[in-house]
Amino acid sequence: MTALPTAVPTRPASRPAPARGPFTGAVAAEWTKLWSVRSTWWTLLAAVLTMTATAGQLAIYAVNANTDDDPTVNPGVLPVGEVVAGALELTQYVVLAIGLFAITSEYASGTIRTTLRCTPSRGRVLAAKAVVVGAVTFLTGLLVGAVGAAVARPVLGEWGRAPLGGTVGDVVASAAYLALVGVLALGLAAALRGAVLTLTVLFALLMIVPLSLQEPGITVLTRIADAFPGVAGNHFLAGDTEPYPAAVGLLVLAGWAVAALALGRWALRRRDA
């Protein structure tokens, strides 16, 4: 009897990997580049340490003000979110380094030419960097906000309160603020190229110029200062209703970030790498 041929088992065909679009690939490349350098990790560590020290110091100041003999400076019971927002005034200058170095380091090392050869569309490169920087600085904001709240609450003791909903909202608001500041830093860095120059301009926009306008106490100058990104962000974090609602403060800050990206895109397209 002739033996029947046995069927040879066949392997199921492996599924092809899903194709990445040009923008998705650019985002993945920027994500890899950002996390492959030590400066990103050192920046995260510095941000956590700065928030820890600043939030602790502000909480101590609040306790001392509540327990001294001068009732005119008694701040009363504080939400920990107010301490976190106050600590961001210093911590933000550490976090925005993520957005700043995302492109100035490439200009300094010359790797920007490789980046633009791999992704010829300069607008796509900047948009991918903005997505990555925004995501990383937002996550960093969640981390440092949580750290600041965790440090401030026990230090404040009876002079602090931390309702779960309000505290989570304050931490998320801090993260949103840092994400927009990070994108603002990226856009300016794309236009100015130098880390020191970009940091100087950011410091002027976020602090020096608004303070100079507010100092005389002239209403017109104060209203102009309210349109600057740092002041608008502070109104947002504080939940102010005057001179405009907190949501408007967030929109003003977002407008600065978009304008900075537009300026960076214009500079990238006009100048050689």
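Since the structure is predicted, the reported quantities are computational estimates derived from the model, not experimental observations. (Residues numbered from 1 in each chain as written. Predicted model: local features only at pLDDT ≥ 70, side-chain atom pairs only at ≥ 80, totals over all residues. Heavy atoms only, no water.)

### So, the UniProt feature "transmembrane region" (unreviewed entry) in the protein chain
Right, so step 1: The positions that UniProt labels "transmembrane region" (unreviewed entry) are, in the present scheme, residues 41-63, 83-104, 125-151, 171-189, 196-213 and 246-268.
Right, so step 2: Secondary structure content for residues 41-63 is 100% helix and 0% strand, while the C-alpha to C-alpha distance between its ends is 33 Å. (UniProt positions renumbered as here; feature names shortened; annotations may be inferred. Helix = DSSP H or I, 4+ residues; strand = E, 2+ residues; numbered from the N terminus.)

### Regarding the packing of helix α5 (residues 122-156) against helix α6 (residues 164-192)
Right, so step 1: Running from N to C, α5 and α6 cross one another at 145°; their axes reach a closest spacing of 7 Å. Our pair here, α5 against α6, has a crossing hand that is right-handed.
Right, so step 2: Of the residues that constitute the contact of α5 with α6, the class distribution is 17 nonpolar, six polar and one charged. (Axes fitted to C-alpha atoms, helices over the stretch in contact; angles between N-to-C directions. Left-handed = near helix turned anticlockwise from the far one by under 90°. Nonpolar A, V, L, I, M, F, W, Y, C, P; charged D, E, K, R; others polar.)

### Considering the confidence of the model for the protein chain
Right, so step 1: Per-residue confidence for the protein chain gives a mean pLDDT of 88, with 90% of residues at or over 70.
Right, so step 2: Across the protein chain, α6 holds the top mean pLDDT of 95, while helix α4 (residues 112-118) sits lowest at 83. (pLDDT = per-residue confidence, 0-100.)

### Some details on the environment of Pro245
Right, so step 1: Inspection of the secondary structure puts Pro245 in the loop between α9 (229-238) and α10 (246-270).
Right, so step 2: Sequence separation between Pro245 and Glu30 is 215 residues; the distance between their C-alpha atoms is 35 Å.

### A closer look at the environment of Pro154
Right, so step 1: Along the chain, Pro154 falls in helix α5.
Right, so step 2: Take Pro154: its relative accessible area is 61%, and that puts it in the exposed class.
Right, so step 3: Put simply, Pro154 and Val80 are 74 residues apart on the chain and 9.8 Å apart in space, counted from C-alpha to C-alpha. (Buried < 20%, exposed > 50% of the residue type's maximum accessible area, 1.4 Å probe, protein only.)

### Examining the packing of α6 against α10
Right, so step 1: As a packed pair, α6 and α10 sit with axes 7 Å apart at the nearest point and diverge in direction by 25°. Of the possible angle classes, the one that applies to α6 and α10 is roughly parallel. For α6 against α10, the interelement crossing comes out left-handed. Contacts between α6 and α10 involve Tyr177, Leu180, Val181, Val183, Leu184, Leu186, Gly187, Leu188, Ala190 and Ala191 from the first element and Leu250, Leu253, Ala254, Trp256, Ala257, Ala260, Leu261, Leu263, Gly264 and Ala267 from the second. (Parallel < 35°, antiparallel > 145°, perpendicular 65-115°, else oblique. Contact = heavy atoms within 4.5 Å.)

### Let's talk about the layout of surface pockets
Right, so step 1: As a volume, the largest pocket reaches approximately 300 Å³.
Right, so step 2: The wall of the largest pocket is formed by 19 residues, among which Lys33, Val37, Phe101, Ala102 and Ser105 lie closest to the centre.
Right, so step 3: Contributions of two or more residues to the lining of the largest pocket are made by α1 (22-35), α2 (38-67), α3 (80-109) and α5.
Right, so step 4: Counting residues per element, the lining of the largest pocket draws most heavily on α3, which supplies seven residues.
Right, so step 5: Taken together, the residues of the lining of the largest pocket break down into eight nonpolar, seven polar and four charged. (1 Å grid on protein atoms, 1.4 Å probe; cavity = no way out; pocket = protein on both sides within 12 Å on 5 of 7 lines; lining within 4 Å. Points joined across faces, edges and corners; volume = space filled by probe spheres on them.)

### Focus on the pattern of salt bridges
Right, so step 1: On inspection of all chains with the given rule, the structure shows five salt bridges.
Right, so step 2: The partner of Glu30 in a salt bridge is Lys129, with the nearest N and O atoms 2.8 Å apart. Here Glu30 is found in helix α1, whereas its partner Lys129 is found in helix α5, with 99 residues between them in sequence. For the pair Glu30 and Lys129, one class covers both residues: buried.
Right, so step 3: Close ionic contact of Lys33 with Glu106 constitutes a salt bridge, the shortest N to O distance being 3.1 Å. Pair noted here: Lys33 is in helix α1 and Glu106 is in helix α3, with a separation of 73 residues, a long-range link.
Right, so step 4: With relative accessibility at 6%, the residue Glu106 sits in the buried group. (Salt bridge = Lys/Arg side-chain N within 4 Å of Asp/Glu carboxyl O.)

### Here we look at α1
Right, so step 1: In a regular helix each residue adds 1.5 Å, so 14 residues correspond to 20 Å; α1 covers 20 Å between its end C-alpha atoms and thus fits that length.
Right, so step 2: The set of residues buried in α1 consists of Ala26, Val27, Glu30 and Leu34. The buried residues of α1 occupy an angular sector of 100° when projected down its axis, which confines them to one face.
Right, so step 3: Along its buried surface, α1 packs onto α2, α3, α4 and α5. (Expected span 1.5 Å × (residues − 1). Arc of directions from axis to C-beta.)

### Digging into the side chain of Thr54
Right, so step 1: Tracing the backbone shows Thr54 in helix α2.
Right, so step 2: Taking the relative accessible area as the measure of exposure, Thr54 reaches 11% and is therefore buried.
Right, so step 3: If we ignore the near neighbours within four places in the chain, the residues touching Thr54 are Ala87 and Leu90.

### Describing the nonpolar core
Right, so step 1: Residues Met51, Leu96, Leu156, Tyr177, Leu202 and Leu237 are the most contacted members of the largest nonpolar core, which totals 45 residues.
Right, so step 2: Mapped by element, the contributors of at least two residues to this core are α2, α3, α5, α6, α7 (195-214), α9 and α10.
Right, so step 3: Per-element tally for this core: the top contributor is α3, with eleven residues.
Right, so step 4: Every residue in contact with Leu202, bar those within four places of it in the chain, is listed here: Leu96, Leu100, Leu184, Ala185 and Leu188.
Right, so step 5: Core analysis: the second largest hydrophobic core is formed by 13 residues, Ile103, Leu116, Leu186 and Leu268 among them. (Core = buried A, V, L, I, M, F, W, Y, C linked by side-chain atoms within 4.5 Å.)

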